[in-house]
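Residue-level listing of the chains:
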Amino acid sequence: MLKIGPHAFHSRLLLGTGKFPNFEIQKEAVAVSEAEILTFAVRRMNIYEPQQPNFLEMLDLEHYTLLPNTAGAATAEEAVRIARLAKASGLCDMIKVEIIGDARTLLPDPLETVKACEMLLEEGFIVLPYTSDDVVLARRLEQIGVHAIMPGAAPIGSGQGIINPLNLSFIIEQANIPVIVDAGIGSPSHASYAMELGADGVLLNTAVSGARQPVQMAQAMKLAIEAGRLAYTAGMIGAKRYATASSPSEGLLNS
Amino acid sequence: MNLIVNGRPLSLSTESSERTSLQDLIDHLGLTDKLVIAEVDKQIVDRGLHSQYILQEDMKIELVHFVGGG
């Protein structure tokens, strides 16, 4: 079970809901992924097109836990404002703190992220910050009381996979709260690798929504995350420099 | 009544004697059956209180919702 604050989940795949080709495909992808946590963004309504459909209306909210993000915020204050709006929906108490500090790489601003987390924890939110893969920052965030830490594998939407597995493994080793690898995952092998390193979960969006067949990719990601988790708990052999025979060296015919 | 809604000016024709609530505005915009989260002059108005919240001239209102995002 993945435990985040008071919540517990069977699935270790957290799925983003952005940029799917259409709602039908999205709904099927979400179902196939078996994700229980779905991320959303908070945006102004289009008051000139009131009947525009909304994906949230198509979901049975009893089956999902919403994880709104603060995307669009550049400061702690903006993030807190978005988080409060999200909570006012009455649908969620978790918040993904996402404060972008650089427009080109979409890397998070660590100082504003810490500040926002402190403010939101004070207000009783279940706080999941999206961070860089900085080991000390992850520890500092845990110390102030965040409920999970979400280091990026690579820049958002880049599909580059885990750029720095060493840092990620340091973060995982030291953490007493869930570590969810967020952003930059492109393929099932990336997702599985994150889980093999001991991550508690993976949050991805574009890897599924941008695939030629999003529903099929949702299933591939689900299986990869399960496989990676199984491998981690099974205990993998260490890598060796030279070969070790799998067949016995006794009873050879030519001995 | 002149308001700023989602960053744009909006004129709401009302009977001068009637008080206009936030819910009246939401209904007027055709958003009655939507999940609307409202902020007036940077203060969030709880969803249960939209009908009781009376609007004043020149208030700045944000009507937001959840959209797809990662």
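Residues numbered from 1 in each chain as written. Chains lettered and ligands numbered in written order. Predicted model: local features only at pLDDT ≥ 70, side-chain atom pairs only at ≥ 80, totals over all residues. Heavy atoms only, no water.

Under an unreviewed UniProt entry, the name given to chain B is Thiamine biosynthesis protein ThiS, and the organism recorded is Paenibacillus aceti.

As annotated in an unreviewed UniProt entry, chain A carries the name Thiazole synthase and is attributed to Paenibacillus aceti. The UniProt entry for chain A carries the following text under Subcellular location (unreviewed entry): "Cytoplasm". Per UniProt, the comment on chain A under Function (unreviewed entry) is "Catalyzes the rearrangement of 1-deoxy-D-xylulose 5-phosphate (DXP) to produce the thiazole phosphate moiety of thiamine. Sulfur is provided by the thiocarboxylate moiety of the carrier protein ThiS. In vitro, sulfur can be provided by H(2)S." (UniProt positions renumbered as here; feature names shortened; annotations may be inferred.)

(A) Spotlight on the overall build of chain A. If you tally the helices and strands in chain A, you get eight helices and 10 strands. Against the globule reference of 18 Å for 255 residues, chain A gives a C-alpha radius of gyration of 20 Å, in line with a compact fold. Viewed in the frame of its principal axes, chain A has a C-alpha envelope of about 85 × 40 × 35 Å. Partitioning the intrachain contacts of chain A with sequence separation of at least 6 by distance along the chain shows that 66% fall at a separation of at least 24. Carbon and sulfur atoms make up 53% of the accessible area of chain A, which totals about 12,500 Å². (Helix = DSSP H or I, 4+ residues; strand = E, 2+ residues; numbered from the N terminus. Rg over C-alpha atoms; globule rule 2.2 N^0.38 Å. Contact = heavy atoms within 4.5 Å. Areas by Shrake-Rupley, 256 points an atom, 1.4 Å probe, with all protein chains shown as cover.)

(B) Molecular detail of the pattern of salt bridges. According to the stated counting rule, one finds nine salt bridges over all chains in the structure shown. For Arg44(A), the salt bridge identified is with Glu62(B), shortest N-O distance 2.7 Å. Residue Arg44(A) is found in strand S4 (residues 37-44), and its partner Glu62(B) is found in strand S5 (residues 60-68); the two belong to separate chains. Between Asp182(A) and Lys96(A) there is a salt bridge whose closest N-O contact spans 2.9 Å. Separated by 86 residues along the polypeptide, Asp182(A) in strand S9 (residues 180-182) and Lys96(A) in strand S6 (residues 94-97) bring together distant segments of the chain. Of the two residues, Asp182(A) and Lys96(A), neither departs from the other in class, the shared state being buried. Salt bridges sharing common partners tie together Glu34(A), Lys222(A) and Glu226(A). (Salt bridge = Lys/Arg side-chain N within 4 Å of Asp/Glu carboxyl O. Buried < 20%, exposed > 50% of the residue type's maximum accessible area, 1.4 Å probe, protein only.)

(C) Just the interface of chain B and chain A, in detail. Contact with chain B, which involves 26 residues of that partner, is made by 33 residues of chain A. Where chain B abuts chain A, roughly 2,700 Å² becomes buried across the two surfaces, and 59% of that area is made up of carbon and sulfur atoms. The largest contributions to the chain B side of the interface with chain A come from Lys34(B), Phe66(B) and Gly70(B), which together make up 27% of the buried area. Viewed at the interface, chain A and chain B are joined by three salt bridges. In this structure, Lys34(B) engages Glu57(A) in a salt bridge whose closest nitrogen and oxygen atoms are separated by 3.1 Å. Taken together, the connections running from chain B to chain A amount to 17 residue pairs in polar contact (both at pLDDT 80 or more). Counting only elements with at least two residues in the side of chain B that touches chain A, the list comes to strand S2 (8-11), strand S3 (37-40) and S5 of chain B. Examining the composition of the side of chain B that touches chain A, we find that seven residues originate from one element, S5(B), more than from any other. Residue composition of the side of chain B that touches chain A, grouped by class: 12 nonpolar, seven polar and seven charged. Summarising the sheet, S4(A) and S5(B) pair through five bridges and their orientation is antiparallel. Note that in S5(B) the partner of Ala41(A) across the bridge is Val67(B). (Buried area = accessible area lost by both parts, 1.4 Å probe. Polar contact = N/O pair within 3.5 Å; in protein donor to acceptor, adjacent residues only side chain to side chain. Nonpolar A, V, L, I, M, F, W, Y, C, P; charged D, E, K, R; others polar. Pairing = 2+ DSSP bridges.)

(D) Representation of the packing of helix H1 (residues 23-33) of chain A against helix H8 (residues 214-234) of chain A. All names here are of chain A. With their axes 8 Å apart at the nearest point, H1 and H8 run at an angle of 20 degrees to one another. Relative to H8, the element H1 lies roughly parallel. Read as a crossing pair, H1 and H8 show a hand that is right-handed. The segment H1 lies against H8, with Ile25, Glu28, Ala29, Val32 and Ser33 engaging Pro214, Val215, Ala218, Gln219 and Lys222. Each residue belonging to the contact of H1 with H8 can be placed in one class, and the counts come to six nonpolar, two polar and two charged. (Axes fitted to C-alpha atoms, helices over the stretch in contact; angles between N-to-C directions. Parallel < 35°, antiparallel > 145°, perpendicular 65-115°, else oblique. Left-handed = near helix turned anticlockwise from the far one by under 90°.)

(E) Quick look at the layout of surface pockets. Its volume calculated, the largest pocket comes out at about 430 Å³. Considering the residues around the largest pocket, the lining is formed by 24 residues, among which Ile156(A), Asn205(A), Thr206(A), Gly69(B) and Gly70(B) are closest to the centre. Here the lining of the largest pocket is composed, by residue class, of nine nonpolar, 10 polar and five charged. Approximately 360 Å³ is the volume attributed to the second largest pocket. Lining the second largest pocket are 24 residues, with Pro53(A), Asn54(A), Glu57(A), His65(B) and Phe66(B) positioned closest to its centre. Of all the secondary structure elements, the ones that give two or more residues to the lining of the second largest pocket are H1 of chain A together with S5 of chain B. (1 Å grid on protein atoms, 1.4 Å probe; cavity = no way out; pocket = protein on both sides within 12 Å on 5 of 7 lines; lining within 4 Å. Points joined across faces, edges and corners; volume = space filled by probe spheres on them.)

(F) Highlighting the packing of aromatic side chains. Taken as a whole, this structure holds two aromatic pairs over all chains when the rule is applied. Consider the rings of Phe23(A) and Phe55(A), whose centres lie 5.8 Å apart with planes at 40 degrees: the pair is tilted. Of this pair, Phe23(A) sits in helix H1 while Phe55(A) sits in the loop between S4 and strand S5 (65-68), and the two are 32 residues apart along the sequence. Of the residues examined, Phe55(A) reaches a relative accessible area of 4% and is grouped as buried. Plain terms: the ring middles of Phe40(A) and Phe66(B) are 6.1 Å apart, the flat faces sit at 45 degrees to each other, and that makes the pair tilted. (Phe/Tyr/Trp six-rings, centres within 6.5 Å; stacked < 30°, edge-to-face > 60°.)

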